[in-house]
Amino acid sequence: MTNNEQLVSFANELADAARTVILPFWRQPIEVESKMEHDRPIAESPVTVADRKAEEVMRELIEERYPTHGIYGEEFGQVRTDAEYVWVLDPIDGTKSFITGKPLFGTLIACLKDGVPIIGVIDQCVLKERWVGVVGEGTTLNGEPVSTSGCATLKESMMYATTPHMFHKGEESDKFEKMCDTVLRPLYGADCYAYAIVASGFGADIVVEADLGLYDYCALVPVVEGAGGKMTDWYGRRLTLENHERSKGRVVACANEGLHREAIAILGKTWRNSFIPSISKDGLLYLAVGAFLGAVLSRPRT
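Here is a short report on the structure shown in this document.

The rules behind these values
- Residues numbered from 1 in each chain as written.
- Predicted model: local features only at pLDDT ≥ 70, side-chain atom pairs only at ≥ 80, totals over all residues.
- Heavy atoms only, no water.
- Helix = DSSP H or I, 4+ residues; strand = E, 2+ residues; numbered from the N terminus.
- Buried < 20%, exposed > 50% of the residue type's maximum accessible area, 1.4 Å probe, protein only.
- Contact = heavy atoms within 4.5 Å.
- Salt bridge = Lys/Arg side-chain N within 4 Å of Asp/Glu carboxyl O.
- Pairing = 2+ DSSP bridges.
- Axes fitted to C-alpha atoms, helices over the stretch in contact; angles between N-to-C directions.
- Right-handed = clockwise from strand over helix to strand, strands pointing away.
- Core = buried A, V, L, I, M, F, W, Y, C linked by side-chain atoms within 4.5 Å.

## Let's talk about the environment of T240
Then, number 1: The topology assignment puts T240 in the loop between β14 (230–233) and α8 (244–247).
Then, number 2: T240 gets classed as buried once you look at its relative accessible area, which sits at 9%.
Then, number 3: Setting aside chain neighbours within four positions, we find T240 in contact with G115, V116, P117, L214 and Y217.

In structure tokens, the structure reads:
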């Protein structure tokens, strides 16, 4: 068994362990706590005992099997992130879906080598669907190969985002609005599942999101790219541990290179504050009228 095969096998073990923890809480009464981060577009995010216990069991397995590997988790932070291999964990991506009984959340598991995602798992435990992506080798859904399909142009495309409220007002919201105006249909509410259906060629073509944590997207990169898609930040840069702060959690995943080029032409474009065009459109008339009245009033009386 090659090293990659061993790591993929272990990633599946982690997903199995998380499933065992999460499923007993599914559609059961559960206490929900709020995490507040006031610098984010959506300041409040929920967390449950299922999130924490699922991450705990995965971390324990990693420490036991690969004690020199690093861990970067949503609930319990980071250790050894300078290691050659780092596991990035989001026990329940889409906790809001989970606590409202919507089976579109997922457990995200990524293995990074030298800071670059090489293996990714999206596990939907309720639907018993598991995507495993390995960069350069392919992506499977429950063991069967899948691949992206996708339309040829943005104007024909179906675009997902978890919510339109995840974009900061200004550059992010303006560029996302431009994407919405360009695509055939903007759609919402699928969390990590949107990336999985893009990778599977089920009809979604593109996902555009912002304000993501490293744990929100690292596992998605190998799944999308292993299936033949393209996933980067908004400027076309690779999504890596090193680039996270620079990318600011802004990601775009496309079914093919052509869609990606069109999307980057919009998302990566130099942005000017929308106040400037608003002045030219709405204020120009008032400026002209004011100038005219000023000229009239200042004219010498005869």
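## What to know about the environment of P186
Then, number 1: Within the fold, P186 resides in strand β12 (residues 185–188).
Then, number 2: In this structure P186 comes out as partly exposed when scored by relative accessible area, which is 31%.
Then, number 3: Distance from P186 to I206, taken between C-alpha atoms, is 9.6 Å for residues 20 residues apart in sequence.
Then, number 4: Residues in contact with P186, not counting those within four places in the same chain, are M159 and C180.

## Thoughts on the pattern of salt bridges
One side chain can pair with another of opposite charge once the charged atoms of both are near each other.
Then, number 1: Under the criterion given, the structure shown has 13 salt bridges.
Then, number 2: One salt bridge connects D123 with R19, and the closest N-O pair in it is separated by 2.8 Å. Here the residue D123 occupies a position in strand β7 (residues 116–124), and R19 occupies one in helix α1 (residues 3–22), the gap between them amounting to 104 residues.
Then, number 3: Relative accessible area serves as the criterion here: at 18%, R19 is assigned to the buried category.
Then, number 4: One salt bridge in this structure joins K113 and E84, with 3.3 Å as the shortest N-O distance. Note that K113 is positioned in strand β6 (residues 106–113) and E84 in the loop between β4 (77–79) and β5 (85–93), a separation of 29 residues in sequence.
Then, number 5: Exposure remark for K113: the relative accessible area of 30% places this residue in the partly exposed category.
Then, number 6: Among the charged side chains, a salt-bridge network with shared partners connects D16, R19, D123 and R130.

## As for the sheet that holds β7
Then, number 1: Pairing is mixed in the open sheet, where eight strands are placed in the order β4-β3-β5-β6-β7-β8-β9-β10. At either end of the open sheet lies a strand with only one pairing partner, and these are β4 and β10 (144–146). Strand after strand, the sheet turns through a mean of 20 degrees between neighbouring axes, direction not considered.
Then, number 2: In this structure, β5 lies alongside β6, joined through seven bridges in antiparallel fashion. Following the sheet pairing, L89 is matched in β6 by I109.
Then, number 3: Seen against the sheet, α1 touches β5, β6, β7 and β8 (129–134) and runs at an angle of roughly 35 degrees to β7.
Then, number 4: Helix-sheet contacts for helix α2 (residues 49–65) involve β3 (70–73), β4, β5 and β6, and the interaxial angle to β5 is about 160 degrees.

## A few points about the pairing of strand β11 (residues 158–161)
Then, number 1: Relative to β12, β11 runs parallel, the two sharing four bridges. Bridging from a neighbouring strand, Y160 pairs with L187 of β12.
Then, number 2: A crossover links β11 with its parallel partner β12, the connecting element being helix α4 (residues 171–182), and its sense is right-handed.
Then, number 3: Judged from the two bridges that link them, β11 and strand β13 (residues 206–209) form a sheet pairing that is parallel. The residue of β13 that forms the bridge with M159 is I206.

## Observations regarding the sheet that holds β13
Then, number 1: The mixed open sheet is built from five strands, whose spatial order is β12-β11-β13-β15-β14. At either end of the open sheet lies a strand with only one pairing partner, and these are β12 and β14. Averaged over all adjacent pairs, the angle separating strand axes in this sheet is 20 degrees, with direction ignored.
Then, number 2: Contacts from helix α9 (residues 257–267) reach β13, β14 and β15 (251–254), with the element oriented near 155 degrees to β15.

## Let's talk about the nonpolar core
Then, number 1: Ranked by internal contacts, the top residues of the largest apolar core, which has 59 residues, are V208 and M231.
Then, number 2: It is helix α5 (residues 193–200) that provides the largest number of residues to this core, a total of seven residues.
Then, number 3: Among residues more than four places away in sequence, those in contact with V208 are M159, Y160, A161, F167, F176, M179, W234, V251, V252 and L267.
Then, number 4: By size, the runner-up hydrophobic cluster in this structure holds 30 residues, among which are V21, A54, M58 and L89.

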